[in-house]
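# Descriptive analysis of the structure
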Amino acid sequence: MGVIVQKFGGTSVADIDRIRNVARRVAGTYTRGDEVVVIVSAMSGVTDGLIGLAHKVNENPDKRELDALLATGEQTTASLLAMTLKSMNFPAQSLMGFQVEVRTDHCFGNARIQDIRVDRVRRLLQERTIVVVAGFQGCDDQGNITTLGRGGSDTSAVAIAAALKADACEIYTDVTGVFTADPNLVPKARKIDRICFEEMLEMASIGAKVLQIRSVEFAMKYNVPVHVRSSFSDEEGTMVVQEDNGMERVAVSAVTMNKNDARITLRKVPDTPGIAARIFTPVAEAGICVDMIIQNTRASGKTDLTFTVPKADYRTALAIGKKVAGEIGAEDVFGDDTIAKVSVTGVGMRSHPGVAARMFACLAREGINIMMISTSEIRISCLIEQKYAELAVQALHTEFGLDAQP
Ligand code: ADP
Ligand code: ASP
Ligand code: MG
């Protein structure tokens, strides 16, 4: 007997039948004697629908009000699931983020959890009540509702599991685990049985949306083993755990891609001290996260500077680029939001030389041009034209021997 945290994503609670399916699974765990805390997402499509409504009112909706609106998605699912469990004669109670006291900073739309007081949850568990928590939401120290960024229910689940020192944290989704590539993109992708936090963190940061990146940060910080599995089958999923010696150390264990970035280039920028700071300070002040940066020096004493930003910030970043270019005397500024980033990850990369060369050669064979490259100790990412993204992922998956055997 222990405390089990189970999180169900949007597709798992997409309609009343699926909510019933979730209720049966939760009831099964409860009946075996465990204390169960369930974290739910909004029903699939609901968050997007609410964002669409807000944009009908205002192209740039007020961030505080948008969070109050978006939180209703998870509130709906939490109460529907608690009702369903009660109608099956199981004691259940829904709690919103503020009731669990998921305390966050003030950053509406992308708030960070600072502290969680799980006293109320603990009391309910002691009374043998199933606690259903609305994921994705918290509240700041002034009582305002905040949300944790897209996919944030994963983070709610891991953070609550850490606060409760839960015995298991299970993330139920629409695939059977973490794969060597998005199984909806690469039919030959294989399920990974065990993956370490570090590798999962890299994968999440470059587009494997199966876990929100902050949930992996939490899991790593508090050493919460996470079991990613399907809500539609009983198949064992993927264990995301601390790295250990028993782990396979293939050079590349997964290939990911995302189309969420845009790139901005300032041409013929003066090659003098302080110029990069002049460009990136206003970008940072606008709250925009820059990802890749390259700078080439020309013989003329001028440099070209290219960087990438999230697509959602493209227009703002381009406007800043144009303003700064005028001030510092850059020749030209242009942008491109039809790009994709493909990446290969693997802890084995630390000890296997030649992974980058193999990746570049593979892309070259497919006639794919590389615009930018960035690396970490266990990841190599290439920026390419968006139209080649799927082809690149499939080719790299085959190149690094990840295809499932027929
Ligand atoms: P949920 O609504 O349950 O949170 P998400 O849609 O956020 O589910 O995440 C699950 C999706 O993540 C899958 O349907 C899959 O398309 C995508 N995905 C991307 N990369 C991977 C990967 N490497 N392994 C598994 N799923 C992946
Ligand atoms: N409902 C939110 C979203 O769609 C949070 C989540 O599903 O995890 O991003
Ligand atoms: Mg998700």
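In what follows, the accompanying structure is described. (Residues numbered from 1 in each chain as written. Chains lettered and ligands numbered in written order. Predicted model: local features only at pLDDT ≥ 70, side-chain atom pairs only at ≥ 80, totals over all residues. Heavy atoms only, no water.)

## What to know about the site of ligand 2
Around ligand 2 lies a shell formed by Ser 41, Ala 42, Thr 47, Glu 74, Phe 136, Arg 150, Gly 151, Gly 152 and Ser 153. At 3.2 Å, a side-chain N or O of Ser 41 approaches an oxygen atom of ligand 2. Considering ligand 2 on its own, with 260 Å² of exposed area, one finds that the protein chains cover 86% of that surface. Across the shell around ligand 2, the residue classes break down as two nonpolar, five polar and two charged. (Near = heavy atom within 4 Å. Polar contact = N/O pair within 3.5 Å; in protein donor to acceptor, adjacent residues only side chain to side chain. Areas by Shrake-Rupley, 256 points an atom, 1.4 Å probe, with all protein chains shown as cover. Nonpolar A, V, L, I, M, F, W, Y, C, P; charged D, E, K, R; others polar.)

## Points about the sheet that holds strand β14 (residues 261-270)
An order of β15-β16-β14-β17 is seen for the four strands of this open sheet, with the pairing classed as antiparallel. Edge positions in the open sheet fall to β15 (293-297) and β17 (332-336), since each of these has one partner strand only. Averaged over neighbouring strand pairs, the angle between their axes works out to 15° when direction is ignored. Looking at chain direction, β14 and strand β16 (residues 302-310) are connected through eight bridges and run antiparallel. Its bridge partner lying in β16, Thr 265 is registered against Thr 306. (Pairing = 2+ DSSP bridges. Helix = DSSP H or I, 4+ residues; strand = E, 2+ residues; numbered from the N terminus. Axes fitted to C-alpha atoms, helices over the stretch in contact; angles between N-to-C directions.)

## Considerations on the packing of helix α7 (residues 197-205) against helix α8 (residues 213-221)
At a closest axis distance of 9 Å, the pairing of α7 and α8 adopts a crossing angle of 165°. It follows from the interaxial angle that α7 and α8 lie roughly antiparallel. Remark: the crossing between α7 and α8 carries left-handed chirality. Two secondary-structure elements touch here, α7 through Phe 197, Glu 198, Met 200, Leu 201, Ala 204 and Ser 205 and α8 through Ile 213, Val 216, Glu 217, Ala 219 and Met 220. The residue makeup of the contact of α7 with α8, split by class, is eight nonpolar, one polar and two charged. (Parallel < 35°, antiparallel > 145°, perpendicular 65-115°, else oblique. Left-handed = near helix turned anticlockwise from the far one by under 90°. Contact = heavy atoms within 4.5 Å.)

## Topic: the site of ligand 1
Every one of the 18 residues lining ligand 1 counts as a neighbour, but Thr 173, Asp 174, Phe 179, Asp 182 and Asn 184 are closest to it. The separation between an oxygen atom of ligand 1 and a polar side-chain atom of Thr 173 is 2.7 Å. At 2.9 Å, a backbone N or O of Phe 179 approaches a nitrogen atom of ligand 1. Protein contact buries 89% of the 570 Å² of open area that ligand 1 shows by itself. A breakdown of the residues in the shell around ligand 1 according to their chemical character gives nine nonpolar, five polar and four charged.

## Some words on the packing of helix α2 (residues 46-57) against helix α3 (residues 63-87)
Between α2 and α3, the least distance of the axes is 9 Å, while the angle of their chain directions is 150°. Here α2 lies roughly antiparallel to α3, going by the angle between them. Seen along the crossing, α2 lies across α3 with a hand that is right-handed. Packed against α2, whose contacting residues are Val 46, Thr 47, Leu 50, Ile 51 and Ala 54, the element α3 presents Leu 66, Leu 69, Leu 70, Thr 72 and Gly 73 at the interface. Grouping the constituent residues of the contact of α2 with α3 by class yields seven nonpolar, three polar and no charged.

## Notes on the sheet that holds strand β1 (residues 3-8)
If you trace the eight strands from one edge of the open sheet to the other, you get β3-β6-β2-β1-β9-β11-β12-β10, paired in mixed fashion. Looking along the sheet, the strands with just one partner apiece sit at the ends: β3 (92-95) and β10 (194-196). Going from strand to strand, the sheet's axes swing by 20° on average, the running direction of each strand aside. Strands in contact with helix α1 (residues 16-31) are β1, β2 (35-40), β6 (130-134), β9 (168-173) and β11 (226-230); relative to β1, the strand with the most contacts, it is inclined by about 170°.

## Focus on the environment of Lys 221
Residue position: Lys 221 is located in helix α8. Here Lys 221 falls in the exposed class, since its relative accessible area comes to 65%. In this structure, the C-alpha to C-alpha distance between Lys 221 and Lys 341, residues 120 residues apart in sequence, is 27 Å. (Buried < 20%, exposed > 50% of the residue type's maximum accessible area, 1.4 Å probe, protein only.)

## Describing the nonpolar core
Core analysis: the biggest nonpolar cluster contains 73 residues, and Val 37 and Val 344 have the highest contact counts within it. When residues in this core are grouped by element, the largest group, seven residues, is from helix α6 (residues 153-164). Setting aside anything within four residues of it in sequence, one finds Val 37 in contact with Ile 4, Val 5, Gln 6, Val 121, Leu 125, Val 131, Val 133, Ile 160 and Leu 164. Counting 23 residues, the second largest nonpolar core, distinct from the first, contains Val 22, Ala 92, Met 96 and Ile 130. (Core = buried A, V, L, I, M, F, W, Y, C linked by side-chain atoms within 4.5 Å.)

## As for α8
The α-helix winds at 3.6 residues per turn, so residues separated by three or four positions along the chain end up facing the same way. Taken residue by residue, α8 has Arg 214, Ser 215, Val 216, Phe 218 and Ala 219 as its buried positions. A positive backbone phi angle near 50° is found at Asn 223, which sits one or two residues after α8.

## With respect to the pattern of salt bridges
Applying the stated criterion across every chain, the model contains 24 salt bridges. Glu 202 is paired through a salt bridge with Arg 379; the nearest N and O atoms lie 2.8 Å apart. One end of the pair, Glu 202, is in helix α7; the other, Arg 379, is in strand β20 (residues 379-385), with 177 residues separating them in the sequence. Judged by its relative accessible area of 12%, Arg 379 is buried. (Salt bridge = Lys/Arg side-chain N within 4 Å of Asp/Glu carboxyl O.)

## Regarding the environment of Gln 394
Considering the arrangement of structural elements, one finds Gln 394 in helix α12 (residues 389-399). Among the residues examined, Gln 394 registers a relative accessible area of 34% and is labelled partly exposed. Gln 394 sits 205 residues away from Ala 189 along the chain, and the two C-alpha atoms are 9.1 Å apart.

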